[in-house]
Amino acid sequence: MGIVSVIFSYLVFFNVFLSYGMETSFFRFFNKEENKANVLSTSTISLFWSTLGFLIIALLFRNTLAHTSGFAVEFITYSIWIIAFDALAIIPFAQLRAERKPMQYAAIKIGNVSLQILFSVFFLAFLPDLAKDNPEGFFSTIYYPEFQIGYIFIANLIASLATILVLLPNYTKIRWHFDFSLWKQMMRYGYPVLLAGVAFAINEHFDKILLDWFHVPLADIGAYSACYKIGMFMVLFRTAYSLGIEPFFFSHAGNENAPQTYATITKYFVIFGSFISFFVVAFIDLLKLLLVPNESYWVAIKVVPLIVFANFFLGIYTNLSVWYKLIDKTLIGAYISFVGAFVTLALNYLLIPRYSYYGSALATIAAYGSMMIISYHMGKKKYPIPYDFNRIFSYLGLSVGFSAIVFYVDYVRDNYSIKVLLLLVFLLFIYKSEKEILTRIFRKK
C-alpha cells in the first residue's frame, strides 16, 4: 500500500503537466466562442500531439526514469501508458461535461473504476488459487507470486485502455482543424491553470512523497494512505460538485443575477458539506470496518477528521475561486495555489520529523484553509459576491465543534445515542435556518 501510494502520487504530477490547463481553457472558450467545433478540434489536436510526444520520449528514457526514481522499470512502463491514455481522455470527458451529458460521463467513469476493481481483485485474490489448482494451465503462465504491485498497475492500465477505446468516437467525429490563433489564446488562459495544478498536486499528493523522502516506514505511509481514503465521502461530494459547477459558472457568467446565484450555491454546498463532514467523523469507527477492515491500518485513523475537513475547505475554495476564472485572471489562482503549496511544504518539513504522517495531515488542512481565506478576501474586491456568511459560518462552526466532540471526547465517541442526538440537533438547526426557503420549495412541489 505504501509503495503504490508513493508511485501514484508521482503520476498525479505527470497528469497535471500533460493536461497543461487545457481542460479549463476548453470550458472557457467552448462557452465563449461561437464556433464550438473549432474549440473542440483545436484542444483535441493539441493534447493528442503533446501526449504522443510524451509517450515516445518517456518510453525511450524509461530505464533512466526507473534508475532515478528507484522503482522497477516495469512499473515505470505501465505508468507511462496509463498517463498517456488518461491524457487522451481529457477533452472527450470535458466535452461530455460541457454538453451536459452526465449519464454518459458517469457510465464511462464508473466503468473505468469497476474494471480497476474487478481486475485488481482477480489478480490479487483469485489468480493465485487458479494458478495453484492448474499448474500447467493458462493462469499459471500469467501468475508471478512477487508481482502484486505490478498487477495493480496492470489493472489500472486495462481500465485506462478500455476508457480511451470507448471514447475513440470523439476523435473520429471531430473535424481535424487546428486554429493556431485560438490555440495561443487557450494556452495563455490555461498556463496559470497548469501552475495552479502543480500547486494543487503538491497540496494533495506530495505529502506521500515527502514521507518517503523523510524515510517514514512504507507501512506507516500505507496506513496513512488507507485511512486518508476514509475521507472519500467528502472527496466524492467535492469532486462531483466540481465536475458540474465549473461549466455552470461559465455558462451563467453573463446573467444579471449571477453573483446572487453563486452565493446561493456556495451556501448550499456548505450545508451539505457540513453535514457530510460531521456524519463521517461521527461514524468513523463504523466506516473503518467497511472501508479499511484490516486493523493494522487503524493506527492512522486520527488523520481522518483533518482530511475530511481539509477536503471540505478545498470545496469551499472551489466556490470562492469562481471570480478569477470569470474575469480571466487565472494567474491569480496560481498565486493562491502556490501559497497553499508553500504552506504544505513548509509544515511538512517542520512537522514530519516530529509527528510523522499526522504532521502531513495538519499541513493539508492548513494549506486548504489558507487558500480558502485568501481567495475570499481577494475576490470580494475584484468580483463581489453577496455570500450569506452568518449562516455559512454557523453551519461550518457547528459541524467542526460537534465533530471535535464526537471524535476527541472518549465517552461521546463510544456512545452512538449521543452521536445520533447531535446529528438530529444539527439537522434541526439547518431546518430552522432554512425553513422559509424549504417551505417555498415544498409548496411548489
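Here we summarise the structure given alongside this text. (Residues numbered from 1 in each chain as written. Predicted model: local features only at pLDDT ≥ 70, side-chain atom pairs only at ≥ 80, totals over all residues. Heavy atoms only, no water.)

### Some words on a positive patch on the surface
Part 1 of the argument: Together, Lys 329, Lys 380, Lys 381 and Lys 382 make up a region of like positive charge exposed at the surface.
Part 2 of the argument: On the secondary structure map, Lys 329 appears in the loop between α17 (322-326) and α18 (330-355).
Part 3 of the argument: Accessibility expressed as a relative area gives 45% for Lys 329, which makes it partly exposed. (Patch = residues over 30% accessible without salt bridge, like charges linked within 9 Å, V, L, I, M, F, W, Y side chains within 5 Å. Areas by Shrake-Rupley, 256 points an atom, 1.4 Å probe, with all protein chains shown as cover. Salt bridge = Lys/Arg side-chain N within 4 Å of Asp/Glu carboxyl O. Lys, Arg positive; Asp, Glu negative; His and termini not counted. Charge placed at Lys NZ, Arg CZ, Asp CG, Glu CD. Helix = DSSP H or I, 4+ residues; strand = E, 2+ residues; numbered from the N terminus. Buried < 20%, exposed > 50% of the residue type's maximum accessible area, 1.4 Å probe, protein only.)

### Observations regarding the side chain of Asp 285
Part 1 of the argument: Looking at where Asp 285 falls in the secondary structure, it is placed in helix α15 (residues 284-291).
Part 2 of the argument: In this view, Asp 285 contacts Arg 413, Tyr 416 and Lys 419; residues no more than four positions away in its chain are not counted. (Contact = heavy atoms within 4.5 Å.)

### Focus on the environment of Asn 15
Part 1 of the argument: Mapped onto the elements of the fold, Asn 15 is located in helix α1 (residues 2-19).
Part 2 of the argument: Counting along the chain gives 397 residues from Asn 15 to Val 412, while the straight-line C-alpha distance between them is 43 Å.
Part 3 of the argument: Here Asn 15 is in contact with Ile 83 and Asp 86, once residues within four sequence places are set aside.

### Some thoughts on the environment of Ile 437
Part 1 of the argument: Topologically, Ile 437 is positioned in helix α23 (residues 435-444).
Part 2 of the argument: Given the relative accessible area of 24%, Ile 437 is considered partly exposed.
Part 3 of the argument: Beyond its immediate chain neighbours, meaning those up to four positions away, Ile 437 contacts Lys 267 and Tyr 268.

### Comments concerning the packing of helix α12 (residues 218-228) against helix α19 (residues 357-382)
Part 1 of the argument: Packing of α12 against α19 leaves a shortest axis separation of 10 Å and a crossing angle of 40°. Relative to α19, the element α12 lies oblique. Side by side, α12 and α19 meet where Asp 220, Tyr 224 and Tyr 228 of the first sit next to Tyr 357, Ser 360, Ala 361 and Thr 364 of the second.
Part 2 of the argument: Residue composition of the contact of α12 with α19, by class: four nonpolar, two polar and one charged. (Axes fitted to C-alpha atoms, helices over the stretch in contact; angles between N-to-C directions. Parallel < 35°, antiparallel > 145°, perpendicular 65-115°, else oblique. Nonpolar A, V, L, I, M, F, W, Y, C, P; charged D, E, K, R; others polar.)

### Brief notes about the nonpolar core
Soluble, globular proteins show a tendency: their nonpolar side chains are buried together.
Part 1 of the argument: With 134 residues, the main nonpolar core has Phe 26, Tyr 224, Phe 278, Val 303, Phe 312 and Ile 316 as its most contacted residues.
Part 2 of the argument: Beyond its immediate sequence surroundings of up to four residues, Val 303 is in contact with Tyr 224, Cys 227, Tyr 357, Tyr 358 and Ala 361. (Core = buried A, V, L, I, M, F, W, Y, C linked by side-chain atoms within 4.5 Å.)

### Here's the deal with helix α2 (residues 22-32)
Part 1 of the argument: Across the 11 residues that make up α2, a large majority, eight, are buried.
Part 2 of the argument: Burial in α2 covers these residues: Met 22, Thr 24, Ser 25, Phe 26, Phe 27, Arg 28, Phe 29 and Phe 30.

### Here we look at the pattern of salt bridges
Part 1 of the argument: According to the stated counting rule, one finds eight salt bridges in the structure shown.
Part 2 of the argument: Across the pair Lys 267 and Glu 434 runs a salt bridge whose closest N-O atoms are separated by 3.0 Å. Pair noted here: Lys 267 is in helix α14 (residues 258-282) and Glu 434 is in the loop between α22 (416-433) and α23, with a separation of 167 residues, a long-range link. By the burial criterion, Lys 267 is buried, and Glu 434 matches it.
Part 3 of the argument: Note that Asp 285 and Arg 413 form a salt bridge whose closest N and O atoms lie 2.9 Å from each other. In this pair, Asp 285 sits in helix α15 while Arg 413 sits in helix α21 (residues 410-413), placing the two residues 128 residues apart along the sequence.

### Comments concerning unusual backbone geometry
Part 1 of the argument: Although it is not a glycine, Arg 100 adopts a positive phi angle of roughly 60°.
Part 2 of the argument: As for its placement among the helices and strands, Arg 100 is situated in the loop between α6 (90-98) and α7 (102-133).
Part 3 of the argument: The phi dihedral of Ser 356 is positive, around 55°, even though this residue is not glycine.
Part 4 of the argument: By secondary structure assignment, the location of Ser 356 is in the loop between α18 and α19.

### What about the packing of aromatic side chains?
Part 1 of the argument: This model, assessed by the stated rule, comprises 41 aromatic pairs.
Part 2 of the argument: Judged by centre distance (5.4 Å) and plane angle (15°), the ring pair of Phe 75 and Phe 153 falls under stacked. With Phe 75 in helix α5 (residues 73-88) and Phe 153 in helix α9 (residues 148-166), this pair connects stretches of sequence that are 78 residues apart.
Part 3 of the argument: The class of Phe 153 is buried, set by a relative accessible area of 0%.
Part 4 of the argument: Plain terms: the ring middles of Phe 180 and Trp 183 are 5.7 Å apart, the flat faces sit at 25° to each other, and that makes the pair stacked. With Phe 180 and Trp 183 both in helix α11 (residues 180-213) and three residues apart, this pair spans about one turn of that helix.
Part 5 of the argument: Here Phe 180 falls in the partly exposed class, since its relative accessible area comes to 47%. (Phe/Tyr/Trp six-rings, centres within 6.5 Å; stacked < 30°, edge-to-face > 60°.)

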